[in-house]
Amino acid sequence: MASDSHDYQMYSPDEGRAVVIGLSQAHHAGDTSLVYCLEVLENREVSGFPFRLLNEHERYIWKNEQIRGERIIQGSVITFNRKCYIENTGEILDMSIILSQLKFGGTGYKAVVYQGIKGMKECFPTVKIENLKIYLDAKDGSSPDCALISVKEATLVDRQIKFKTLQNEECILKNNCRCSGGGGVEEVHLHVQVPFSNQGVSNCVLLVKFGDFLKSESWESGRYYAVCEAILNSQPGSSLPKSYEMNRNPQGKCIIMNNFDFHDKAYNRPGTEYDEQTLEALFGNLSFDVQIHRNLDSCGMRGLARTIASEDHSKFDAFICIVMSHGGDHDTILGVDGRIVTVEEMTSEFNAARCETLKEKPKVFIFQFCRKSLSESLLHENNFMDSIVGKLHVDSTLSKGTSAHEADFLLAFATTPGCYCYRYENHGSPFIQVSMKIFMLFIVVVIVVV
């Protein structure tokens, strides 16, 4: 067989093994489907262009009861002859393995995927985008009728899929995919990990088919329009680690509580303004909506946490809260009135039971305060430490166990329990300044790599 990437004939397998990469709705009645496959070679590598699998009656349209009876799902490895189904082997090929084997402009036996619409020109010479729709001229009849496209963003809504290719092309296609969900009113944002390398395939690939010859008044004639027939997505729970969606702008709210002017002036915290400036700049650059609240008493801290948690965060991907004050043992925080608030009181407002719109989204809490009683720290204070008197005689106020309501939390403390943390008047606290420099360095590295 030839190895040229645009020799289409080599991607028409006659017999062998194949993996099911997608099921799509065949008719509006909903009881029939199309089955799409990629050939699987002896070394278990996928190969070529996608093809539609014929059923035992040599027809493309399958009854759903046939599919259920044969226990065919996405990832099923089947045997075939002349594209006609023979049997289900019972083997399941993990989607992350399939995606890892796709190659841009694949040659030889490699399975072909595209970075975007422009990259499809070799195999689809007349492919174009117009009004966010993808189409082929009808005269382009020699091309394969299916293609795989790697995407960096994808949202399901109203039986359509809105996506952005790795070449930053924005498109909206009708979504016929059986396994994707997104049939309701709410938008469903797919889990997408963008590759660092230009040669890397994302963990979300769309199977696009150029449909029937359309002549209705709402479309120009002489074009084959594309529809999404399948979504190849390695979701959390597969061999790829879970990652959060961080695609929105703003990404979320960043609440900074900075107590420095106390009723008892002996507790004032000079130098904390440097930390505030650093935090505001960093999270602003990370596309967060930064809100700064200064000099809150204990009731004000509790009230602010309750108010923010009661707001609608459905348009955001994450939540950040930074608290800078004096603190004590047993994870207590001092308001400017000298009264305490516990860490648990602050964080529990944002659990899934009380703040549903932040469910399954990252919630990061950063605490800059000592975790040792003031009676011991006075010997070392000298305006460098953040601490208060520990008034509780129980174990840590943090939950002793982990439950589903406490998932997706990250708590970062300036020090370990029973220890001090330091703050310098002329440049702020080492914890905040060093941590934020590391964050900023990571951002620069990602930008350079991408």
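Residues numbered from 1 in each chain as written. Predicted model: local features only at pLDDT ≥ 70, side-chain atom pairs only at ≥ 80, totals over all residues. Heavy atoms only, no water.

> Before we go on, may I ask you to explain the sheet that holds strand β24 (residues 409–413) in this structure?
Picture the strands of a sheet paired through backbone hydrogen bonds; they go either parallel or antiparallel. Taken in spatial order, the 5 strands of this open sheet run β18-β17-β19-β23-β24, and their pairing is parallel. Where the open sheet ends on each side, the last strands, each with one partner, are β18 (288–294) and β24. For this sheet the average axis-to-axis angle between neighbouring strands, irrespective of direction, equals 10°. Pairing of strand β17 (residues 252–258) with β18 involves 7 bridges; the strand directions are parallel. Looking across to β18, one finds that Asn258 is bridged to Arg294. Contacts between helix α3 (residues 272–285) and the sheet are confined to β17, β18, β19 (318–324) and β23 (363–368), with β18 contributing the most and set at about 160° to the helix. Packed on one face of the sheet, helix α4 (residues 298–310) meets β17, β18 and β19 and runs near 180° to β17. (Pairing = 2+ DSSP bridges. Helix = DSSP H or I, 4+ residues; strand = E, 2+ residues; numbered from the N terminus. Axes fitted to C-alpha atoms, helices over the stretch in contact; angles between N-to-C directions. Contact = heavy atoms within 4.5 Å.)

> Explanation requested: α4 in the structure shown.
It helps to recall that an α-helix has 3.6 residues per turn; residues three or four apart then point in one direction. For α4, spanning 13 residues, the distance from its first C-alpha to its last is 19 Å, which sits close to the expected 18 Å at 1.5 Å a residue. In this structure, the buried side of α4 is in contact with β17, β18, β19, β21 (332–334), β22 (340–342) and α5 (343–348). (Expected span 1.5 Å × (residues − 1).)

> Where do I start with the side chain of Ser76 in this structure?
By the secondary structure assignment, Ser76 is in strand β5 (residues 76–81). Only 3.0 Å separates the side chain of Ser76 from the backbone nitrogen of Ile73, close enough to count as a polar contact. Setting aside its immediate chain neighbours within four residues, Ser76 contacts Ala18, Val19, Val20, Arg71, Asn88, Glu91 and Ile92. (Polar contact = N/O pair within 3.5 Å; in protein donor to acceptor, adjacent residues only side chain to side chain.)

> Explain the side chain of Lys164 to me, please; I cannot follow it from the model alone.
Within the secondary structure, Lys164 is located in strand β12 (residues 160–165). When near neighbours in sequence (up to four residues on either side) are disregarded, Lys164 contacts Val151, Lys152, Glu153, Glu169 and Glu170.

> Help me understand the nonpolar core in this model?
Across soluble globular proteins, you tend to see nonpolar side chains buried next to one another. Among the nonpolar cores identified, the biggest contains 29 residues, and Met120, Phe124, Ile134, Ile161, Phe163, Leu206 and Ile231 are the most heavily contacted of them. Breaking this core down by element, the ones donating at least two residues are β10 (133–137), β11 (146–157), β12, β13 (170–174), β15 (204–214) and β16 (223–233). When sequence neighbours within four positions are dropped, the list of residues in contact with Leu206 reads Ala147, Leu148, Ile149, Val151, Ile161, Phe163, Cys228, Ala230 and Ile231. Of all hydrophobic cores here, the second largest spans 23 residues; its members include Leu93, Ala111, Cys146 and Leu207. (Core = buried A, V, L, I, M, F, W, Y, C linked by side-chain atoms within 4.5 Å. Buried < 20%, exposed > 50% of the residue type's maximum accessible area, 1.4 Å probe, protein only.)

> Looking at this model, I keep getting lost on the sheet that holds β21. Mind explaining?
The 3 strands lie next to each other as β20-β21-β22, forming an open sheet whose pairing is antiparallel. Of all strands in the sheet, those with a lone pairing partner are β20 (327–328) and β22, marking the two edges. Along the sheet, α4 makes contact with β21 and β22, crossing β22 at roughly 30°.

> Before we go on, may I ask you to explain the packing of aromatic side chains in this structure?
Each pair of aromatic rings is reported with the distance of its centres and the angle of its planes. Per the stated rule, a full pass over the model turns up 13 aromatic pairs. Between the aromatic rings of Phe369 and Phe413, the centroid separation amounts to 6.2 Å while the plane-to-plane angle is 85°, which identifies the pairing as edge-to-face. Separated by 44 residues along the polypeptide, Phe369 in the loop between β23 and α6 (374–377) and Phe413 in strand β24 bring together distant segments of the chain. Every member of this aromatic cluster is reached through a ring pair, and the members are Phe319, Phe350, Phe365, Phe367, Phe369, Phe409 and Phe413. (Phe/Tyr/Trp six-rings, centres within 6.5 Å; stacked < 30°, edge-to-face > 60°.)

> Any chance you could explain the confidence of the model for the protein chain here in plain terms?
Interpreting fine coordinate detail is not advised for predicted regions of low pLDDT. Averaged over every residue, the pLDDT of the protein chain is 79; the share at 70 or more is 77%. The secondary-structure element of the protein chain with the lowest mean pLDDT is α6, recorded at 53, while β17 shows the highest, at 97. Low pLDDT (under 50) marks residues 388–405, which in the prediction has 38 contacts with non-local residues, meaning those over four places away or in another chain. (pLDDT = per-residue confidence, 0-100.)

> Mind showing me how you'd approach unusual backbone geometry here?
Peptide bonds are, in most cases, trans, and in most cases residues other than glycine have a negative phi. In this structure, the amide linkage connecting Asn249 to the following residue, Pro250, adopts the cis form with an omega of 0°. Along the polypeptide, Pro250 turns up in the loop between β16 and β17. In this structure, Arg71 is a non-glycine residue whose phi angle is positive, near 55°. One can find Arg71 in the loop between α1 (64–69) and β5. Unusually for a residue other than glycine, Asp158 sits at a positive phi of about 55°. Position of Asp158 among the secondary structure elements: in the loop between β11 and β12. Asp158 sits in the exposed class, given a relative accessible area of 53%.

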